[in-house]
Amino acid sequence: MYSSKVIANLFIKNAFDSEYDLTVMKLLKLVYISHGWNLAFTERPLITSEIQAWKYGPVIPDLYYSINENGRKPINNFIRLSSKELEEARLVTEDQEDMIEDIWDIYGDLDGIQLSALTHDKDSPWDTVWNQYGGGNKYGAVISDLVIMKYYKEKLLQLDSQLGS
């Protein structure tokens, strides 16, 4: 497992190498989505950070507070990492880097609003937690890895059945 900032920097690198901008909202959603797919494929978390249900979808607070000064402008710099996070970054495997690139290839052309809409799907982890607490009366409720893994495993089964038919 890695700091969300380590994974975010991998997406920032992909953005620098592409034609697509990366905003705060887009980066938050991409890190969340990569965490979900990693849970589906490996049954292990990708990030150590807590994920919460906020009005505009799942948010990783420690990542958000480290990048929110960008506002709606594109992110133009890597996130500063602590010495512990720098060590974590050295431990990212080639398979994990490939997965981040795959997520970028699939979702990188979408903007933050489009990605946010995806995370708001009915019965998504955000939808489940947000509505469980009365549509925001419990702003910041934690979305557990178990709920996220269940959702992305179901998405994986749907993809498998579509490809198999």
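Now for a quick tour of the structure. Because the structure is a prediction, the values reported are computed rather than measured. Sequence order sets the numbering: in each chain, residues are counted from 1 along the sequence as written. Only residues with pLDDT of at least 70 are given local features in this predicted model, and only at 80 or more are side-chain atom pairs given and counted; all residues enter the totals for whole chains, interfaces and linings. Only hydrogens and water are set aside when side-chain values are computed; all heavy atoms of the structure are taken into account.

## Points about the overall build of the protein chain
For step 1, the next point in the chain: When its secondary structure is counted, the protein chain shows eight helices and three strands.
For step 2, the next point in the chain: Secondary structure elements follow DSSP: runs of H or I of four or more residues count as helices, runs of E of two or more count as strands, with numbering from the N terminus. Counting from the amino terminus, helix and strand elements in the protein chain follow one another as α-α-β-β-α-α-α-α-α-β-α.
For step 3, the next point in the chain: The C-alpha atoms of the protein chain give a radius of gyration of 15 Å, which matches the 15 Å a tight globule of 165 residues would have.
For step 4, the next point in the chain: The dimensions of the protein chain, computed from C-alpha atoms along their principal axes, are 40 × 35 × 30 Å.
For step 5, the next point in the chain: Relative accessibility under 20% of the residue-type maximum defines a buried residue, over 50% an exposed one, and the middle range a partly exposed one, all with a 1.4 Å probe and only protein chains included. Burial analysis of the protein chain (165 residues in total) assigns 46% to the buried set.
For step 6, the next point in the chain: The contact rule is simple, with two residues in contact once any of their heavy atoms fall within 4.5 Å. Put simply, 76% of the contacts in the protein chain that link residues at least 6 apart link residues at least 24 apart.
For step 7, the next point in the chain: Areas reported here follow the Shrake-Rupley algorithm with a probe of radius 1.4 Å; residue values treat only the protein chains shown as occluding. Split by element, the accessible area of the protein chain, about 9,200 Å² in all, is 50% carbon and sulfur.
For step 8, the next point in the chain: For the protein chain, the distance from the average position of its 16 positive side-chain charges to the average position of its 25 negative side-chain charges is 8 Å. The quantity called the radius of gyration is restricted to C-alpha atoms. Its globule counterpart is 2.2 Å times the number of residues to the power 0.38. Within this scheme the basic residues Lys and Arg register as positive and the acidic residues Asp and Glu register as negative, but His and the chain ends are omitted. Note that the charge is assigned to NZ on lysines, CZ on arginines, CG on aspartates and CD on glutamates.

## Concerning a negative patch on the surface
For step 1, the next point in the chain: Residues Glu94, Asp95, Glu97, Asp98, Glu101, Asp102 and Asp105 make up a contiguous surface patch of negative charge.
For step 2, the next point in the chain: Note that Glu101 resides in helix 5 (residues 94-107).
For step 3, the next point in the chain: Accessibility expressed as a relative area gives 36% for Glu101, which makes it partly exposed. Residues enter patches when they are more than 30% accessible in relative terms and free of salt bridges; like-charged ones are connected within 9 Å and nonpolar ones (Val, Leu, Ile, Met, Phe, Trp, Tyr) within 5 Å. Between Lys or Arg on one side and Asp or Glu on the other, a salt bridge is scored when a side-chain nitrogen of the former is within 4 Å of a carboxyl oxygen of the latter.

## Re the packing of aromatic side chains
For step 1, the next point in the chain: Note on aromatic contacts: the rings of Phe and Tyr and the six-membered ring of Trp form a pair at centre separations within 6.5 Å, being stacked when their planes are under 30 degrees apart, edge-to-face when over 60 apart, and tilted otherwise. Within this structure, the stated rule accounts for ten aromatic pairs.
For step 2, the next point in the chain: Relative to Tyr65, the ring of Tyr64 has its centre 5.1 Å away and its plane inclined at 75°; by these criteria the two rings are edge-to-face.

## So, the layout of surface pockets
For step 1, the next point in the chain: Of the volumes computed, that of the largest pocket is approximately 510 Å³.
For step 2, the next point in the chain: Computed over the protein atoms alone on a 1 Å grid, cavities are sets of points where a 1.4 Å probe fits but cannot get out and pockets are open sets with protein on both sides within 12 Å along at least five of seven lines; a residue lines them when it has an atom within 4 Å of a point. Lining the largest pocket are 20 residues, with Val24, Met25, Tyr56, Gly71 and Arg72 sitting closest to its centre.
For step 3, the next point in the chain: Looking at the lining of the largest pocket, the elements with two or more residues in it are helix 2 (24-42) and helix 6 (112-119).
For step 4, the next point in the chain: Take the lining of the largest pocket: its biggest share by element is five residues, from helix 2.
For step 5, the next point in the chain: As a volume, the second largest pocket reaches approximately 160 Å³.
For step 6, the next point in the chain: Residue lining of the second largest pocket: Trp37, Phe41, Met99, Asp102, Ile103, Ile106, Tyr107, Leu156 and Leu159, and that is the complete set.
For step 7, the next point in the chain: Of all the secondary-structure elements, those providing two or more residues to the lining of the second largest pocket are helix 2, helix 5 and helix 8 (145-164).
For step 8, the next point in the chain: Across the lining of the second largest pocket, the residue classes tally to eight nonpolar, no polar and one charged. Grid points are joined across faces, edges and corners, and a volume is the space filled by probe spheres set on the points. Basically, the charged four are Asp, Glu, Lys and Arg, the nonpolar ten are Ala, Val, Leu, Ile, Met, Phe, Trp, Tyr, Cys and Pro, and anything else, Gly included, counts as polar.

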